[in-house]
Each structure stands twice: as C-alpha cells, then as structure tokens.
Amino acid sequence: MADKIAVEGLNAWFGKTQALHNINMAVPENSITAIIGPSGCGKSTFIRCINRMHEEIRGAYSNGKIILDGEDVYGSGVDPVLIRRRLGMVFQKPNPFPTMSIKENAVAGIILNKRMSRHEIEETAEKYLRRAALWDEVKDQLNKPGVSLSGGQQQRLCIARALAVEPEVLLADEPASALDPISTAKIEDLFTDLKERYTIVVVTHNMQQAARISDRTAFFLSGRLIEYGTTDKIFTNPSDKRTEDYITGRFG
Amino acid sequence: MKTDFRYMRRKIFGTMMLGLSILAALAAVSMLFWILGYTFIKGISAVNLDFFTKLPTPVGVPGGGLANSIVGSIIVVGMAALMAIPVGIATAIYLSEYGRGFFASTVRFVSDVLAGVPAIVAGIVAYALVVTRMHRFSAFSGSVSLALLMLPIIIRSSEEIFRTVPDTLREASFALGVPKWKTILSIVLKTASGGLVTGTILAIARVGGEAAPLLFTSFSNSFWNFNPGQPMATLPVDLFNYSISPYQDWQQKAWAAALVLVGMVLILNISARLYLARKGFKRNG
Amino acid sequence: MAERLSRKKILSPEKIFMGMTGVFSLSVLLISALVVYELFSASEPTFQKFGLKFLVSKEWDPVQKVYGALPFIWGTFYTSFIALLIALPVSLGIAIFLSELAPAWLRSSVGFLIELLAAIPSLIFGLWGLFVLSPILQQYIEPPLSNLSWLPFFKGYPLGLGFLNAGLLLAVMIIPTISSISRDVMYTVPANQREGGLALGMTRWEVVSKVVVPNSRSGILGAVVLGLGRALGETMAVTMVIGNTPQFSLSLLDPGYTISSAIANQFTEAFDKLQISALIELGLILFVISVIINAFAKLLMLRMNRFSGGARI
Ligand SMILES: Nc1ncnc2c1ncn2[C@@H]1O[C@H](COP(=O)(O)OP(=O)(O)O)[C@@H](O)[C@H]1O
Ligand SMILES: [Mg+2]
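Reading the values: rules and limits
- Residues numbered from 1 in each chain as written.
- Chains lettered and ligands numbered in written order.
- Predicted model: local features only at pLDDT ≥ 70, side-chain atom pairs only at ≥ 80, totals over all residues.
- Heavy atoms only, no water.
- Pairing = 2+ DSSP bridges.
- Helix = DSSP H or I, 4+ residues; strand = E, 2+ residues; numbered from the N terminus.
- Axes fitted to C-alpha atoms, helices over the stretch in contact; angles between N-to-C directions.
- Contact = heavy atoms within 4.5 Å.
- Expected span 1.5 Å × (residues − 1).
- Buried < 20%, exposed > 50% of the residue type's maximum accessible area, 1.4 Å probe, protein only.
- Core = buried A, V, L, I, M, F, W, Y, C linked by side-chain atoms within 4.5 Å.
- Domains from an automatic or database assignment.
- Near = heavy atom within 4 Å.
- Polar contact = N/O pair within 3.5 Å; in protein donor to acceptor, adjacent residues only side chain to side chain.

Asker: I'd love a proper account of the sheet that holds strand S6 (residues 87–90) of chain A, names of residues and values included.
Answerer: Residue and element names in this part refer to chain A. If you walk across this open sheet you meet the 6 strands as S6-S7-S8-S3-S9-S10, and the pairing is mixed. What marks the edges here is a single partner per strand, and that holds for S6 and strand S10 (224–230). When the angles between neighbouring strand axes are averaged without regard to direction, this sheet yields 15°. Of the pairings in the sheet, the one linking S6 to strand S7 (residues 169–173) comprises 4 bridges and is parallel in character. Note on S7: the bridge partner recorded for valine 90 is alanine 172. Contacting strand S3 (32–36), S6, S7, strand S8 (199–203) and strand S9 (216–221), helix H1 (residues 43–50) crosses the sheet at an angle of about 155° to S7.

Asker: Quick one: what's the story with helix H10 (residues 204–215) of chain C, residue by residue and with numbers?
Answerer: Compared with an ideal rise of 1.5 Å per residue, which puts 12 residues at 16 Å, H10 of chain C spans 15 Å between its outermost C-alpha atoms and is within 8% of the ideal. Three or more residues of H10 of chain C are buried, namely Trp205, Glu206, Val207, Val208, Val211 and Val212 of chain C. Elements that come into contact with the buried residues of H10 of chain C comprise helix H1 (5–44) of chain B together with helix H5 (70–101), helix H8 (163–187) and helix H9 (191–199) of chain C.

Asker: Could you give me a rundown of the nonpolar core, with the residues and numbers involved?
Answerer: Residues Phe46 of chain A together with Leu282 of chain C are the most contacted members of the largest nonpolar core, which totals 214 residues. Each of domain 1 (2–42) and domain 2 (51–308) of chain C gives at least three residues to this core. Discounting chain neighbours no more than four positions away, the residues touching phenylalanine 46 of chain A are Val7, Leu10, Leu20, Ile23, Met25, Ile35 and Phe220 of chain A. The next biggest cluster of nonpolar side chains, apart from the first, holds 44 residues, and it includes Val138, Ile200, Ala210 and Ile247 of chain A.

Asker: Account for the site of ligand 1, with residues named and values stated.
Answerer: All names here are of chain A. Around ligand 1, the surrounding shell consists of Phe14, Ala19, Ser39, Gly40, Cys41, Gly42, Lys43, Ser44, Thr45 and Ile57. Backbone polar atom of lysine 43 to an oxygen atom of ligand 1: 2.9 Å apart, as the coordinates give it. Contact between ligand 1 and serine 44: an oxygen atom at 2.6 Å from a side-chain N or O atom of the residue.

Below is the structure:
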C-alpha cells in the first residue's frame, strides 16, 4: 500500500504553548488509522493540522510538512480552502447546518461552491446519503431540517456531507463519542465499508473502538507521537512502556 | 424556649424590604398600563378612517387627518433604514468575523459611545451637515439624523447575534472547502437571520417614535409631499406640535397620533420578539 | 502538480470581502469624526464671541444677542439628578424582585413588560406628563409641598410644570434601563455566594443586601451611569413638561429649561445666525457630556468583565 499522507516534523502551537512536538508518521492509502491517547495529548490538534483547520483558531500556527500524494499541504501558494475539499472532516459533535434541510445538508459542500439543478441535488443527495448508510432512514423526510434527526443520524448526515465533496481522505475527530452504542456501531460499520474508497484517520479515546476498526494505531502522549504501528502490534505487543501502560489502563 | 427578638426584628425588616421590591416592580408595570391605557382611551375616540386618509385641516375646521404624516414617517424612517442597515450589518460582520486587533476594538468602542449620543444631537449634526448645505429643511436630512441613531444600535445587536452562531458551524463549512467569505454569507448570515431581523425591527421601532431630531431637519408639512428634498410631515413631529397647541381639536389629534404611534411601535416590538421566539435560534444537537 | 492546489490571485474574493466590510467599519469611525467636526465648526461663531464664558454665563437673550448656557446646563443636570434619586431605589427593587424573588413565569413576563416601558416613545411620556401628571401635581402634590417653602427645594407656586414633573418623567423613563442591567448583573452572582450567606444564618433580605448587591456594585454603577446618560439627553418628554424658563433655581416647583429642550424649542424659531450657533454649541456640550458618560460606562463594563466575566451591559 502506498502512503497517502506523510507527516514530517510537524510542530503546532496555540499562542505560546506548543501542542505538538515533531510528529513524523505515514498514513497508508485505503486504510483506517486510529489516533489514541489521553485527553489533551494533541489528537484533535494533529488531525486539524492535516486539513489546515488548526490555523483557523485565533493565535494558532504550525510548521513542518504534511505531504498529500507527494505534494505539501503547507507548500507556498497552497490554498487551504482547496486542500480541505480533498480532506473531508467529521467532528465530535454532529453539526448539520440548522438552516438547511436534510437534503441540502447532504450536498451543502457542493451547493455552497457552485449552482446545481434541483435534479442534480436530488441525485447527489441520494448517492451520498446511501453511501453514509442513512438513506433508508431519511428518504421520506428529505425536506425536514437536518437538526431534526437523532444524534447518530445527524452524525451520518455530516459524514454524507463530507463525502459529497468527493474527498480522498476522511478525517474524523471522535465521531462517535457523543453517540449511543447502537449509533456508534453503525458509524463503525460505515467506516469499515468506506475504507475501500477512502483513506480514513479517526481520533478516538475509546481503545476498543480503535482495536475494532483500525488497521494502524498511533499513540500520542503530551503532544508527542510515542508509538505507531499496526493495530495488532500496538494492542498485543507494544514496544514502549508508556503505550503498554495506556492500553492496559494503568494510565490516568 | 426563649424567643429571639433580634432575629425576629431582622426577619420582619427583611420581609418588609422584599415587600417593597415587589411593590417597585408592581409600580413600574402599573405605570406602563396607566400610560398605555390612558393613551388608548384618549386616542381611540379621535381615531377614525379620516385620520388615516385625509390631510390635516386648519384650526377650527373639523375633520381631517394625518395621512400625509403617517406616510411621511414611513418614508423618512425607511430611507434611514436603507442607509443604516447595510453599513451596520457589514460593520458587524467585520467585527465578529474578522475584527481582532486595535482597529476593531476602536470601532466597537466608538459605536458603543455613538449609541449613547442623544437623539437631539443627531438632529443637530444632520442640520449642520445637510440642511445648511441644501439651504432648506428636507425629509432626507431627517433620514440622515435617524440613520445616525440607528447605525450603532444595528451594529451592536448584529454583532451580538453573529457571535451566537456556534463556531462549529463555521468549522463545518471550512472543512467542506468553503471559503470564509462564502461561509459568512451563506452559513453565518443565514443562521443569524432571525436575530438580525429582530434587531433591525427593534432599531426601526426605536427611532420611529423619535421627534427630537426631526423638528429641524424634516420639519413639517401640511400637504402631501413625496420629494425627499423638501420638508415632510412625520407623525412624531405633528404629535408634538399639536400637543403643545392651545386648541382642543388639535390636542385631540395629538392623542390620536399618540395612539397610532404607540400602536406601531408596540406592534413592531412585540412582533419582533415573537418572530425570534418562533423562528428561534436553532442550535444543533 | 502544484497547480492543482494553488490559486494565485492578488485580489481574491476573500480579500475583497474582508476589505469591503473593513471599509464599512472604517466609515463608522469617519462618520463619528464628521459628527465631531460638524458640531465644532457650526458652533464656532458663538465660541469666537463668548469663549468659555458661554459655559458660565446666566444670560440668554436673543434680542440682545447675548448667550450663556448655565441655566440650561443646570436644568439638565438637576432634572437628571432628581430622576436618578427616584429611579435608583425603584430600579434596584425591581432588579431584586426579578433576580431573587419572582418565579420563572413572572420573571420573564414582568421583564418583558418593563422592556416595553423602555420602548414607548418619549413623546408619549411627555403627553402623559402634560395632560395627566401635571394636573395631579398641581392640585394634590405641589400645594402641600409649597407649605415647606422655608426649604429652598419647595419655594414657588404649584404650576404642575417644572423640575419635579420633568424629574418624575425622566425617572420612569430610565427605570427600565437601570433595572434590567442591574438584574442581569445580579443574575451573575454565583449561587455559592448566596449559599454561603444563607449558611451563615442570614435572612433572605440580608443575602440580597449583604451579598448580592455588594457583589454587583460595579455593574449597578454602570447601569446608573447609562441611565444618567439617557436622562441627560432626553428631549421631547422634558420639553413638554419643564416649563421652558431659563432660570437657575433649586426649587422642584419652579419651571426650568434643559439643553435639549432649548434646542428643540428654539431651533426652528431662531432668527439670528448667532442664536443657531449658540444652540449648536449647547448641542456640542450635550454631546461631550454624553460621550464622557458612555465612555465611562463602557470602561466600567470592560473592567467588570475582566474581573468577573460578568454580564454585558
Ligand atoms: N483553542 C485552544 N487554545 C489553547 N490551547 C488549546 C486549544 N485547544 C487545545 N489546546 C491545548 O492543546 C493541547 C492539545 O489539545 P487537543 O488537541 O484538543 O487534545 P485532545 O484532542 O487529544 O484531547 C491541550 O493541552 C489543550 O489544552
Ligand atoms: Mg479532542
């Protein structure tokens, strides 16, 4: 498998505090990579650096390289707006647009950038709602507001919305942590299906979840990448004492 | 057991003071109903169809109405709104979406201070700015004075509303590869629209009842006029002139004008609030 | 490869949009500068002629072309002072009722009604003051007060119009401002502070007077300052009930004049250029006072927010 993303010497700051220290890791194509670690260790900061969302926070900046298909996301002249269309993102709390219907939410990323005929909207919405395994549940209420759905459905709507922009990579920051177990299972199944088409990086602080769905796992601690390898290896035979402490629950 | 007299005294005193505070609230609410009720009773007997459709008559000639000043008010306030709303909302966008540094805090501070400038001063400024240059009173100069009053109100209320739009929505849009300016126009503005409408209506209601700045800008006019370059009658100015006149039938008209003015202001106020309550501000989750 | 990602434009829509909203913000500063400039330049003739004496001279005589602002400045501050004296205790009472006593449904409906009171145009207050309050004062309130005429505050005849009427009207008009801000500030006093007081065996009133109100001090001060600002600049209601007599009097029963009512009454009738200029200079004085007061209120609020993350005024 080729590397889809290569992170080289990434550092990130919030004002004067450094949140990430010299991160180096490569994410293979069409795989799920899980980022685990205790709260505050820099997981969110890390994936927000990948699609350049980090710099949208007041006073936040970063340096280092993130190579997407051989091309530096932070290269000079690179427009972060264009980069973000290739790197879809799903957030911890589902955040459908409250002024839009389910259908409009699904295609929001497209209609916000270009005009679409009504027919195109219908077709595209259906395609991606299906891909996000939501279609059957919402096909009779497409014109209802997106916020009228349950939390788990909203999150899948947000996934459909991210997919509709046709990204190559899907970044997800604890996408199931605000959901009930049944919705969580649906999201996990969905990710496993989506792996065929996309490269997925998912942050989770739930180690069972990481073990269930991911091919590779990265363990972060205090802004540093402590250990990175196949999920099997990390969970059965970690090489770093701190990783072992964390996965066996001997850690805070 | 011995009765603790000191404690009893403290308790009685406290109950008394709290009773007084209830009385204070009651007094304020009664004032509202007294003023509104009196205006209604005095005004309703003088309001009829003529009031809305006819021009004013000279003193002593019965009948007539204030049709021209009702329309004039709508024109003067409308032109003010057209000037103040775009500038106000654009400024609020800058302050909430881009404004960080010294420049933004200065604008914020200045518009807060501007919000406290008395209405009559806005009138003087419009007089010096427009009337002395055009050499005549005009509806337009009246609109300028009202726009000056509306502008800081709109900036403040709109900025506050933009800030209630959760950042997660902006982030969701950025993450879809939507540029910031489009995010502002199609996500932030849309999500905030209910609040913006409410804030704008309240600002209109607030300046719509204002007479002070119009006395020597739009002045008054006993006839129909639709030319913004000429003096134009407005409901508040007519109300004032009629109320301090010694003639019974003019005072009657003043009450009628008061009822119509209060009616319009209250309807705007209540509908703005109801609109917001109904449309609500839908947060996600 | 790099072309796929980069979009090199000097004038990107992003910059144009930000620039446009920035220009509008800048225009707010320019408009304010224009306001200041116009007020100063239009009051120049009187300033040339009278200089600072304008502020302390008692004489206002359009026929002799002599203009002094003191009676108007006095009337402005005196009526506002009377208004504050009445409005402050009532507003605090309302704020205490709303934040400490009222059940939720009453809280929102009473709060709403008091906001409506703030929405009533000042003309309506004036009309009410002229036709309702004034006869009441003249017949029932002022005659007994004038028996106390050995006090300078109650000299004079019961006219129904004058400082007392104007002060009362202004009080009613600023009560919504002061009470709603004070209520918001009292809300932000943390529950554990109240519980601390209760645990010490304080009565409910003692918690209010010894914990809640002291904790809200600077916010209440800000509210008072804003209320004062509103009272000082208020025009129509005062013009209708103040009696329009430029005099320097302490008596509540006497008629007076305020800056704003002088402008409202005389502007369109002024027959000489100097009088217009004098009226504009009065307006400038009012402007300067209101800027100082509002800037002070704003700074107070910034300070308060920095220290306690408290309510927004
Ligand atoms: N907006 C912010 N401003 C300042 N510091 C922040 C901000 N967000 C996160 N941090 C800090 O950066 C570190 C990493 O945070 P984050 O990436 O959110 O951790 P995680 O997602 O692993 O819980 C933490 O120490 C946190 O306190
Ligand atoms: Mg996180």
